[in-house]
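# Close look at the chain arrangement
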Amino acid sequence: MSLLELAFEHSSEPVVSLLDILYYPDAQLRRNAAVVENVDGTVASLVDQMLETMYAAPGIGLAATQVNVHQRVMVIDVSEENDTPQTFINPEILTAEGEEEMQEGCLSIPGVYETVKRPALIRVAAIDREGNPFEMDADGLLAVCIQHEIDHLNGKLFVDYLSPLKRNRIRKRMEKWIRDGANPDDLPERP
Ligand code: NI
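These notes cover the structure that comes with them. Small disclaimer: the values here were computed from a predicted structure and weren't measured.

### Thoughts on the coordination of the nickel ion
All of the protein donors around the nickel ion are Cys106 (SG), His148 (NE2) and His152 (NE2); their distances to the metal are 2.1 to 2.3 Å. Along the chain, the residues donating to the nickel ion fall in the pattern C-x41-H-x3-H. Of this pair, cysteine 106 sits in the loop between β4 (100-104) and β5 (114-118) while histidine 152 sits in helix α3 (residues 140-153), and the two are 46 residues apart along the sequence. Taken individually, cysteine 106 and histidine 152 each receive the classification buried, so the pair is uniform in this respect.

### Digging into the nonpolar core
Met74, Ile76, Phe88, Val124, Ala138, Leu142 and Ile146 are the most contacted members of the largest nonpolar core, which totals 16 residues. Listing elements by their share of this core, those giving two or more residues are β2 (73-76), β6 (121-127), β7 (133-138) and α3. For this core, the leading source of residues is α3, giving six residues. Discounting chain neighbours no more than four positions away, the residues touching valine 124 are Phe88, Pro91, Glu92, Ile93, Leu94, Phe134, Glu135, Met136, Ile146 and Ile150. Within the second largest apolar cluster, 15 residues are counted, among which are Val43, Leu46, Val47 and Val73.

### Considering the side chain of glutamine 147
Looking at the secondary structure, you find glutamine 147 in helix α3. From its side chain, glutamine 147 meets the backbone oxygen of alanine 143 in a polar contact 3.1 Å long. If we ignore the near neighbours within four places in the chain, the residues touching glutamine 147 are Ile93, Arg118, Pro119 and Ile122.

### Quick word on unusual backbone geometry
Following tyrosine 24, the chain continues to proline 25 via a peptide bond in cis, the omega torsion being 10°. Geometrically, the link from alanine 57 to proline 58 is a cis peptide bond, its omega value of -10° lying close to zero. Examined against the element boundaries, proline 58 turns out to sit in the loop between α2 (41-56) and β1 (61-63). A positive phi angle is found at asparagine 82, which is not glycine, with a value near 55°. Given the relative accessible area of 41%, asparagine 82 is considered partly exposed. The backbone of alanine 182 sits at a positive phi, close to 50°, despite the residue not being glycine. Position of alanine 182 among the secondary structure elements: in the segment after α4 (164-179).

Quick notes on the rules
Residues numbered from 1 in each chain as written. Predicted model: local features only at pLDDT ≥ 70, side-chain atom pairs only at ≥ 80, totals over all residues. Heavy atoms only, no water. Donors = N, O, S within 2.8 Å, 3.2 Å for Na, K, Ca; no water. Helix = DSSP H or I, 4+ residues; strand = E, 2+ residues; numbered from the N terminus. Buried < 20%, exposed > 50% of the residue type's maximum accessible area, 1.4 Å probe, protein only. Core = buried A, V, L, I, M, F, W, Y, C linked by side-chain atoms within 4.5 Å. Contact = heavy atoms within 4.5 Å. Polar contact = N/O pair within 3.5 Å; in protein donor to acceptor, adjacent residues only side chain to side chain.

The structure is reproduced here in structure tokens:
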């Protein structure tokens, strides 16, 4: 399928179905995602479904791992208006500098927000939805989000940066919340 056909298909498709998001401590979240060999129409449509799912949640980032697709694909939109989607396929951090603490949350661990320390300034290389390689510098929220989503592709979650005690409390709360039916109106809170 050509890029033109893809673009047409994209614009003429009114509704993309939402994907189910896996919740911590689902073992599938611990898988290491595979490198995408070909950025074809299947990958582009995965990207579109992931963006729809992320906006609907709502969230600012989503990794394919979280929707049980174990390929190195992630989407991010940190803009105020939710109008600047960014796609990263096979992302790689080239350089990382400084240190910054920011409160993080995750669509796979809803209701839980904890402070995590990460490099403040990164340079990342990736491939976009159309298959074009690019490099970019990121700081602030975008840098945090890129690192958080790359962690997902490596089977890592932001709670892994917390103490084992805190992580276990969060896991127990999540397990109870899932047992009780995973009600989005009654989210688990920080322990
Ligand atoms: Ni996350």
